Amino acid sequence: MKYTIRRAYEWLFPDDCCDENDQKNLIRLDVPRNSSDAIQLLTDFSWSELETASIEPASASCEIAGKWFALLSVWVGQNTGPLGYTAAEGDLLDHVTRKAPFYVYDPCVPLEDGCCAAFSGRCALYARFDVSGGCPPGEYRFNMRIQSKDGQEIKFSVLICVYSVKIPEKISLRISNWFNLKNIATRHSCELWSEEFWRMTEQYAVWMERARQNCFLLPFDAVNWNEEDGNWIFSFEHAKRLLEIFARHGMQTLECGPIIRQRFLGDDHFCLIGMEHCEAASHTGLRFIKKYYESLSAFLKKTGYDEICLFHVADEPFDASIREYEFLAQQIRRIIPTATFIDAVCTSRIGKYPDIPIPDTKRYEEDQEVFEAIQKEREVWYYTCALPGGQSCNRLLDIPLLKTRLLYWGGAKYGLSGYLHWGFNCYRPAQDPYQDLCPRFGATREIRYLPPGDTHLVYPGPTGPYGSVRLEQIRKGVEDWALLNQLRSAAPKRMREILDDAIKSFSSVCRTEDFSKVFFQLLMACSKMNGQPHLSHRRPGRL
């Protein structure tokens, strides 16, 4: 039987060649404690021919959990453009791994009895190894076995080299992935706010926590409101239950979502969400804003969440709208004097507001002096979305997968405090998350399509959401940030050397085949810094 194996940060494609048949191969993974790593495997037989897949530790007292997942492929119909969104005819595509259209593996489905019966195509597997925080440093061997129904077998061993350095339970880099509540209901055929909906929402929160997310959005559509005799009444019953779920799954910061938006990106003025006919800065708009934030403030104080809050005013103000944004922020500040405002910005003309600006990675580097000056006084986060494109790091399906992980190395390089992305499960209406990865984007006046993977990190399944190869690389990237942060105060020169080996800028990173050596050096430096035993005789191993 033939097969091929990839590292967790390399893309695997359904049409990859299977040329491996050596049953004596040893694969080694270097892992810190309280972390994980994985391999991907593609076979030359179909799902219908799979009989069993097993992961057996050589030692019974191992504190590492091995688990198989089935890999599903998704259809990439368009490529990311050189500047973002999708490419136009004639665009240079030297930044993509493949020219569209093509299939690539991303969704990860737990491999349980009978689940593969519905799958088609070649059998593709993802083996994940979760290392506990209390696992002693050392080498741990796992015997891997995949058997087909005709009795043929694939056998090989994985050696997990656990280092003394440990990923902290709480990581100070703030991570936020926005989500869509209505999609949780509609994509899983459950009624909004029903008990089944809340059970499903908890599953999504588990995956957010898996991605090391620690900031959670309170979206405006979690708040019920109506107008009575010219007055607005707001109820936070659903919001309270939502935040209780997030509190169980790693929430350190609450983001109070905006109630103001642009009708189209780049507009001069803002309107109210849910009342797009009403200008936010109008008399009626300001009355609505005042009443809402008075009610929200009372709710936050009553529940105790006011101590961990950030407030969004309006997403992505441009040059044309930043002054109106500042005016609206001032109105909210009068209602909640202690509010800290945070928003993604499409301008570098930053004054007093927002308190925490979030430029995209390209804007940050182009106007680095502007944002570095701000960083001397307050936090700056960063974000990606449908842009930047081209060679820039992002979490898209047609650029090197390693760039998803190295997004967070860029945050460490520039001393940025948090990362925001808009799309955890933000499928567009009628979008097929598996077959339509580049849906039409409705927030621009011109016709635009979102680049592949921008809308979501998780995929809706029959009993809940599925994780993804990209989500796991986000987790690894955030954990890498935590390791680099450990070096920042103890060995800043060594940290900069390691960073420079991996990433010169958000659009200039190391080759995928060179990353294992860089990561090995990071593990060694952190182990040495801690003065604890480490595997100093090891060298980056084969996969």
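See above for the structure.
Residues numbered from 1 in each chain as written. Predicted model: local features only at pLDDT ≥ 70, side-chain atom pairs only at ≥ 80, totals over all residues. Heavy atoms only, no water.

## With respect to the sheet that holds strand 6 (residues 102-110)
A sheet is described by the order of its strands in space; here seven strands give the open sequence 1-3-7-5-6-26-25, paired in antiparallel fashion. Strands at the two margins of the open sheet, each flanked by one partner only, are strand 1 (3-7) and strand 25 (459-460). Along the sheet, helix 9 (residues 469-490) makes contact with strand 3 (35-46), strand 5 (64-76), strand 6, strand 7 (122-131), strand 25 and strand 26 (465-468), crossing strand 3 at roughly 155°. (Pairing = 2+ DSSP bridges. Helix = DSSP H or I, 4+ residues; strand = E, 2+ residues; numbered from the N terminus. Contact = heavy atoms within 4.5 Å. Axes fitted to C-alpha atoms, helices over the stretch in contact; angles between N-to-C directions.)

## Here we look at the pairing of strand 8 (residues 138-148)
Inspection of the sheet shows strand 4 (residues 50-57) paired to strand 8 by seven bridges, in the antiparallel sense. Across the sheet, Ala53 pairs through a bridge with Ile146, a residue of strand 8. In this structure, strand 8 lies alongside strand 9 (residues 153-166), joined through ten bridges in antiparallel fashion. Considered in strand 9, the bridge of Ile146 is made with Ile154. The antiparallel pairing of strand 8 with strand 9 creates a hairpin that spans four residues between the two strands, and Gly151 there sits at a positive phi of about 90°.

## Observations concerning the sheet that holds strand 9
Strands sit in the order 2-9-8-4 across an open sheet of four strands; the sheet is mixed. If you trace the sheet from one side to the other, it starts and ends with strand 2 (26-33) and strand 4, each paired once. Neighbouring strand axes in the sheet, compared pairwise and without regard to direction, differ in orientation by 20° on average. Seen against the sheet, helix 11 (residues 515-530) touches strand 2 and strand 9 and runs at an angle of roughly 40° to strand 9.

## Concerning empty space enclosed by the protein
In the structure shown here, the tally under the stated rule is two cavities of 30 Å³ or more. Of the pockets and cavities examined, the second largest cavity occupies roughly 40 Å³. Lining the second largest cavity are Ala8, Ser36, Asp37, Ala38, Tyr126, Arg128, Glu472, Gln473 and Lys476. Listing elements by their share of the lining of the second largest cavity, those giving two or more residues are strand 3, strand 7 and helix 9. A per-class count over the lining of the second largest cavity returns three nonpolar, two polar and four charged. (1 Å grid on protein atoms, 1.4 Å probe; cavity = no way out; pocket = protein on both sides within 12 Å on 5 of 7 lines; lining within 4 Å. Points joined across faces, edges and corners; volume = space filled by probe spheres on them. Nonpolar A, V, L, I, M, F, W, Y, C, P; charged D, E, K, R; others polar.)

## Brief notes about the packing of aromatic side chains
Inspection of the entire model under this criterion finds 34 aromatic pairs. Taking 5.2 Å as the distance between ring centres and 80° as the angle between the ring planes, the aromatic pair formed by Trp232 and Phe288 counts as edge-to-face. Linking Trp232 in strand 13 (residues 231-235) with Phe288 in helix 4 (residues 283-303), this pair joins segments that are 56 residues apart in sequence. Judged on exposure class, the residue Trp232 and its partner Phe288 are both buried. Between the aromatic rings of Phe234 and Phe288, the centroid separation amounts to 5.5 Å while the plane-to-plane angle is 75°, which identifies the pairing as edge-to-face. Taken together, the residues Phe234 in strand 13 and Phe288 in helix 4 connect sequence positions 54 residues apart. Each member of the pair, Phe234 as well as Phe288, is classed as buried. Through pairs of rings, three or more aromatic residues link up here, namely Phe220, Trp225, Trp232, Phe234, Phe236, Phe288, Tyr292, Tyr293 and Phe299. Stacked on the ring of Phe13, the Lys or Arg Arg98 has its end atom at 3.9 Å from the ring centre. (Phe/Tyr/Trp six-rings, centres within 6.5 Å; stacked < 30°, edge-to-face > 60°. Buried < 20%, exposed > 50% of the residue type's maximum accessible area, 1.4 Å probe, protein only. Lys NZ or Arg CZ within 6 Å of the ring centre and 35° of its normal.)

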